[in-house]
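What follows is each chain in one-letter form.
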Amino acid sequence: MKDFIIPTKDMDMGTPARQGAPVTLKVDGFDVTVPEGTSVMRAAAELGMQIPKLCASDNLEAFGSCRLCVVEIEGRRGTPASCTTPVADGMVVHTQSEKVKRIRKGVMELYISDHPLDCLTCSANGDCELQDMAGAVGLRDQRYEAGRNHYDTSGAGMLAAGDIRARAPQGDMGNPDYIPVDDSNPYFTYDPAKCIVCNRCVRACEEVQGTFALTIEGRGFDSRVSAGAAGDDFMASDCVSCGACVQACPTATLQEKSVIEMGTPERSVITTCAYCGVGCSFKAELNGDQLVRMVPYKHGKANRGHSCVKGRFAYGYANHKDRILSPMIRERIDAPWQEVSWDEALSFAAQRMRGLQETYGRKSIGVITSSRCTNEETYLVQKLARNVFGNNNTDTCARVCHSPTGYGLGQTFGTSAGTQDFDSVEETDVIILIGANPTDAHPVFASRMKKRLRAGAKMIVVDPRRIDLVRSAHVEASHHLPLRPGTNVAVVTALAHVIVTEGLMDQDFIRERCDWDEFQHYAEFVSEARHSPEATAMLTGVDPAELRAAARLFATGGNGAIYYGLGVTEHSQGSTTVMGIANLAMLTGNIGRRGVGVNPLRGQNNVQGSCDMGSFPHELPGYRHVKGEATREVFEKIWGTRIDPEPGLRIPNMLDAAVDGTFKGLYCQGEDILQSDPDTKHVAAGLAAMECVIVHDLFLNETANYAHVFLPGSTFLEKDGTFTNAERRINRVRRVMAPLNGYADWEVTQLLANAMGGDWHYTHPAQIMDEIASTTPSFAGVDYALLEEKGSVQWPCNEEHPGGTPLMHVDGFVRGKGRFIVTEYVATDEKTGPRFPLLLTTGRILSQYNVGAQTRRTENSVWHDQDMLEIHPHDAEVRGVNDGDWVKLASRAGETTLRARITDRVSTGVVYTTFHHPDTQANVITTDFSDWATNCPEYKVTAVQISPSNGPTEWQEDYAEQAAQARRILPAAE
Amino acid sequence: MSPDKMVYMANQIATFFKSQKEADRVQNVAAHISDFWEPRMRAQLKAYIAGGGAGLDPLVLAAAEQVPEAHLEENVS
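Residues numbered from 1 in each chain as written. Chains lettered and ligands numbered in written order. Predicted model: local features only at pLDDT ≥ 70, side-chain atom pairs only at ≥ 80, totals over all residues. Heavy atoms only, no water.

Under an unreviewed UniProt entry, the name given to chain B is Formate dehydrogenase, and the organism recorded is Pelagivirga sediminicola.

Labelled according to an unreviewed UniProt entry, chain A appears under the name Formate dehydrogenase subunit alpha, originating from Pelagivirga sediminicola.

Here it is, written out as structure tokens:
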């Protein structure tokens, strides 16, 4: 790995760490003890000695091709490569003997003989391992004469690029071995002229990312890195632009375009990605306050040095021209926006909100907290409702994604969170993946999953669609259960039926750890013949033999772990399926140790945190119901105001109440409910009925079309705070540049609170975390000093668990005994029929994120510039739809148009699309059916019809017109 | 909220608890509604039942009697 500004702890150790019995050896006279299986190279690195190397990197298995790392070992013949030679007890190694120094110099001379020497103008200048190694081995001359080479366009010989241009012979025929730069990828270039064929990029693509997009083509002197098949460039290949190859490249062969343009960065700050719930740690590398690049941080405990195309490259939205930097207000939503000072905007907002409370009551206004904002910001927004508004009308977008996880796991285990850390997957033998598509939505974790699958773990995929993890390079699921959307509960119960009736459950675990009476009630229920795979097959469409085999594999295959996503929660029976998943884990004893567990994959970066921070209308921070007097008192004492003991309105209830005329004002931070929430027409009607909508965001999002006040937001690069990822890991977000809008988001919320009489005095987010710790038992031990020291920590972190809690429910469930809950399948009322014969389900794609507000404003759109409708060839044929045609997608709720993609990834009867683009508005189609327990919307099942179309619907045209009108901005008054 | 939607939501809750042990059903539906429904929604439910409660599952009707009265608050002075 490149290490030009890396402090010592980031030193590349050459080969991966090993675990094993201690082995002691001597390197250059010093004793060192390392685990068995460690390479000689790594043992030397433990002593702080870097043996010269080019093809080795500590995130890749040793390869032994560059021959630069040769050493002498007493009693052994020759000069072995230190990267591929494992240590042995009593070994005596010499890394700097005359013999190896001579060999290294000779090797470097050969490398340099086919490498351009325009180092001063090279984009990797100062960040080039080839340059470093030439220095390290003391290469002072290059004696080979000009000859065949890969870098010189003219074939003139050993010269720098400028010389070649100046001295190119007349009538130059060109160099047949020269391959021009491939700049097809928007974020990095591939320059074959600078390649030393070390294979690091190819190995990173295989071992780290698991895509296998790269290979070395040709043999001997013709060897070249090649993306995809002959004739493909990087864009046309399978490359997913994760950046692992760029990071692995020791030269300028694979180089970020941003570094080519801006130069090498001079400082770096460690922070946390603001995209998905994996929560990768990154080094933001900068020149001054100019962000040059984001590089995954190797000590990040969630990502272990890996990244995806979003976190690594898609940060350009932070400086996009659409970003709004001045506060704006307007009297009515059909008027243009007017730029005003912060003071004016805040007092306008405060007066309106207080006025609404005076006219319509204390409970007529509320807030929506953001799962994209920090814990500290979220805490303040819910505090605004409870402490300043005097009600519990606070909700968060987790309402529409993982609220059933909170309810379901709370009921069965006693707490609302995933049970494991991500590292746990390294010890998993059988994975059940339900309703999640990690290669697109949680790509960095998917890479770790794929690595484990390549090492032999088995995979069971329960998904209506043939996602990549069913079958892709070197990965094949043992079982794919392509169920009909809406039948999750039937499938999960059928799995339990097989386990119970075939006696495959873990009786000891159940007796010791779970409520035995509840279990017996449950066992009786699932054993009924009507829950057998054969009886439910008509309903679910799943082959009973496959389902039985999958259940047996999970129950008997060793450590079993269940990972799930929104394909589980976003249903009328979302909470029931979560309980069913918890039942499966308890039934098989797969709770409380590494390699097992129940793992909700969270959609957004801080879904876990926003739930932890008391965003829900019935819960104070730490999942404690507002009816609890003791809990209220804790906060009342610090805040000095009374807390309402009644639950507040959830997002769908707020919209219903708005239409009814009893909910009139909303402060919405960092969410775009108009695009992301179901049944767009209903959301729009709710927003239109409100008299004061305050949108606090980076951009004029779709919700802002109905807003009266716009408060500009700051990006994750511009503020301090913490995010909590899907493993309950609290990671620091660090400010790397000043907020372009003037204030970090927590400051804006505080200004609004104070404009409404809040009397808050925070001067740094660390103080907000201190307040969280002092009020919330599971965070009692968390403060910024601890995070500084440990890098990150997983809650609960308190006196009992001072270092945090990687695994939950180790000795017993949080609620005491684990509780089995009967999971009766209830068909959704969203049914197909003659008018709407197909089922639509929705999801994400790798390059775009959620409503796309960020990623659509980056080059990521080259991969996905519009939402497409996936439809099976049979369904397309009977409707006369060809690949790429415009089609109309209609449901009972509404209709829209988009282009069709014909594919057998979806079964007949099922169609699929993404929801990243506002001009498609997939949520015009989705209905307002919701989970019985939490009102989480049923996004994943909508009965639809498809028909050929000529272009946008009337609704889409009206919407575009309204949006254009609503986004007009008048210049500020002089 | 439209009466149809409210009836639908309440019946969904009843449907789940009908699958659970008989002894706890009424109490559990009542507890769920008390814990998660904002006072306005509870008041609407009670008023609807007072007006006949058409379409509501008998379990909801029984549970509603155990749901505490919703205190609709006064305006802030």
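Account for the overall build of chain A, naming residues and giving values.
Within chain A, the secondary structure is distributed over 30 helices and 37 strands. A compact globule built from 974 residues would reach a C-alpha radius of gyration of about 30 Å, and chain A, at 29 Å, matches this within 12%. Across its three principal axes, chain A shows a C-alpha extent of roughly 90 × 80 × 65 Å. Split into buried and exposed, the 974 residues of chain A put 64% on the buried side. Considering only residue pairs separated by 6 or more positions, chain A has 73% of its internal contacts joining residues 24 or more positions apart. Surface exposure of chain A reaches about 33,600 Å², of which carbon and sulfur atoms provide 49%. (Helix = DSSP H or I, 4+ residues; strand = E, 2+ residues; numbered from the N terminus. Rg over C-alpha atoms; globule rule 2.2 N^0.38 Å. Buried < 20%, exposed > 50% of the residue type's maximum accessible area, 1.4 Å probe, protein only. Contact = heavy atoms within 4.5 Å. Areas by Shrake-Rupley, 256 points an atom, 1.4 Å probe, with all protein chains shown as cover.)

I'd like to hear about helix H17 (residues 533–540) of chain A, residue by residue, with values.
Residues and elements named next belong to chain A. Of all the positions in H17, only Pro533, Thr536, Ala537 and Thr540 are classed as buried. Along H17, the residues classed as buried sweep out an arc of 130 degrees about the axis, all on the same side. Looking at the buried positions of H17, the neighbouring elements they touch are helix H14 (488–501) and helix H18 (544–556). Count one or two residues on from H17 and you reach Gly541, which has phi positive near 75 degrees. (Arc of directions from axis to C-beta.)

Before we move on, can you summarise the pattern of salt bridges with the specific residues and values?
Tallied over the entire structure, the rule returns 60 salt bridges over all chains. Put simply, Glu502(A) and Arg548(A) hold a salt bridge, and the shortest N to O gap is 3.0 Å. With Glu502(A) in the loop between H14 and helix H15 (507–513) and Arg548(A) in helix H18, the pair connects residues that are 46 residues apart, well separated along the chain. Judged by its relative accessible area of 17%, Arg548(A) is buried. A salt bridge links Lys5(B) to Asp928(A), with the shortest nitrogen-to-oxygen separation between them at 3.3 Å. Here the residue Lys5(B) occupies a position in helix H1 (residues 3–18), and Asp928(A) occupies one in the loop between strand S35 (910–914) and strand S36 (942–948), the pair thus bridging two chains. Its relative accessible area of 17% is what places Lys5(B) among the buried residues. What makes Asp928(A) partly exposed here is its relative accessible area of 36%. Bridged by salt links that share partners, the residues Asp10(A), Asp127(A), Glu256(A), Lys283(A), Glu285(A), Arg293(A) and Arg312(A) form one connected network. (Salt bridge = Lys/Arg side-chain N within 4 Å of Asp/Glu carboxyl O.)

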